[in-house]
Amino acid sequence: MEKSVQKMWIKNNQLMKKEEFPGDFIEKGISLYEVLRVIKGVPLFLEEHLQRLKNTSRLTNLPIPLNDEEIRKRLQKLITSNNALEGNIKFVFNYPNKDNSQVDFYAYFEEVKYPTDKDYSQGAKTVLVHVERPNPNAKVDRADYRQKIDSAIRDSSSYEAILVDRQGNVSEGGRSNLFMIKGDKVYTAPGDKVLKGITREKVIAACQNRGYEVIEQDISLEEMLNMDAIFISGTSPKALPVGMVDDKIINSAQNKVLRDIMAGYDEIIDDYIKSYQGE
């Protein structure tokens, strides 16, 4: 069930009260969606989220009836009406009918679990799940896929799941992208095999800004477990060290290369906020 945690949410272009939110709407038909983080009242990397939404639309042949500026105005209305400086916004185009003749726009602050200070200082716990995203480059909500991942996370008391494909390679997290470090090189799965996360692209930029080579290639589960450090990236975790994979302890949080990358990513966030506020 979806949940709106702020007092107001938007359906199409209308502000609605929290009590009116239909938590099961996303279970009807197909939904294209994006989740972005709000920091200091700024929707982070909005342009990239809108571009990815359009890419998902092309991949699924589902039309988006709003242009970028119309979506931006609705998201700003949501932020302003809730006087919200922090949080995660989920915005969705929902196609409830099989013939896709109807499409509704939803935008709301969703329930979110940010990593704790301990997660950043010691590394977060993860669980392995053998599953593949149905369409790796498209951000489409599939209930069966999501339930398997969410159950594994809940049952293991983990922060995130690490997905393993049918070839035994690690690909990405359930809601994040996956990176590994060996020496001063950073490894991640090929872009055509994962959801190309906005944070993933910014982390790659942070690596390059700090002088670290990023190599996109298939990495087996065994190879991953022998890396110097593992981390995930995403809207909520930003760049987060992995401290445990199933029962195996990984000493990622103290890795100097990773700490440098995390600082570089925070710089990119600060620069975006300053630029957005200056518009």
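Here goes a summary of the coordinates provided. Predicted model only: the values in this text are computed from it and were never measured.

Examining the pattern of salt bridges
1) Next: Applying the stated criterion to the full structure yields 16 salt bridges.
2) Next: The residue E267 makes a salt bridge to R210 at a minimum N-O spacing of 2.9 Å. Highlighted residues: E267 in helix 7 (residues 256-277) and R210 in the loop between helix 5 (198-209) and strand 12 (213-216), separated in sequence by 57 residues.
3) Next: You can call R210 partly exposed: its relative accessible area is 29%.

Details of the packing of aromatic side chains
1) Next: Going through the model one piece at a time under the given rule, you end up with 10 aromatic pairs.
2) Next: Consider the rings of F25 and Y106, whose centres lie 3.8 Å apart with planes at 20°: the pair is stacked. Placement of F25 in the loop between strand 2 (14-17) and strand 3 (30-39) and of Y106 in strand 6 (residues 104-109) is noted, with a sequence separation of 81 residues between them.
3) Next: Residue classification places F25 among the buried positions, given a relative accessible area of 3%.

Re unusual backbone geometry
Both trends apply: most residues other than glycine have a negative phi, and most peptide bonds are in trans.
1) Next: Although it is not a glycine, N83 sits at a positive phi angle of roughly 50°.
2) Next: Tracing the sequence through the fold places N83 in the loop between helix 2 (68-82) and strand 5 (86-95).
3) Next: Judged by its relative accessible area of 66%, N83 falls in the exposed class.
4) Next: Within the chain, K238 stands out as a residue other than glycine whose phi angle is a positive 60°.

Conventions used here
Residues numbered from 1 in each chain as written. Predicted model: local features only at pLDDT ≥ 70, side-chain atom pairs only at ≥ 80, totals over all residues. Heavy atoms only, no water. Salt bridge = Lys/Arg side-chain N within 4 Å of Asp/Glu carboxyl O. Helix = DSSP H or I, 4+ residues; strand = E, 2+ residues; numbered from the N terminus. Buried < 20%, exposed > 50% of the residue type's maximum accessible area, 1.4 Å probe, protein only. Phe/Tyr/Trp six-rings, centres within 6.5 Å; stacked < 30°, edge-to-face > 60°.

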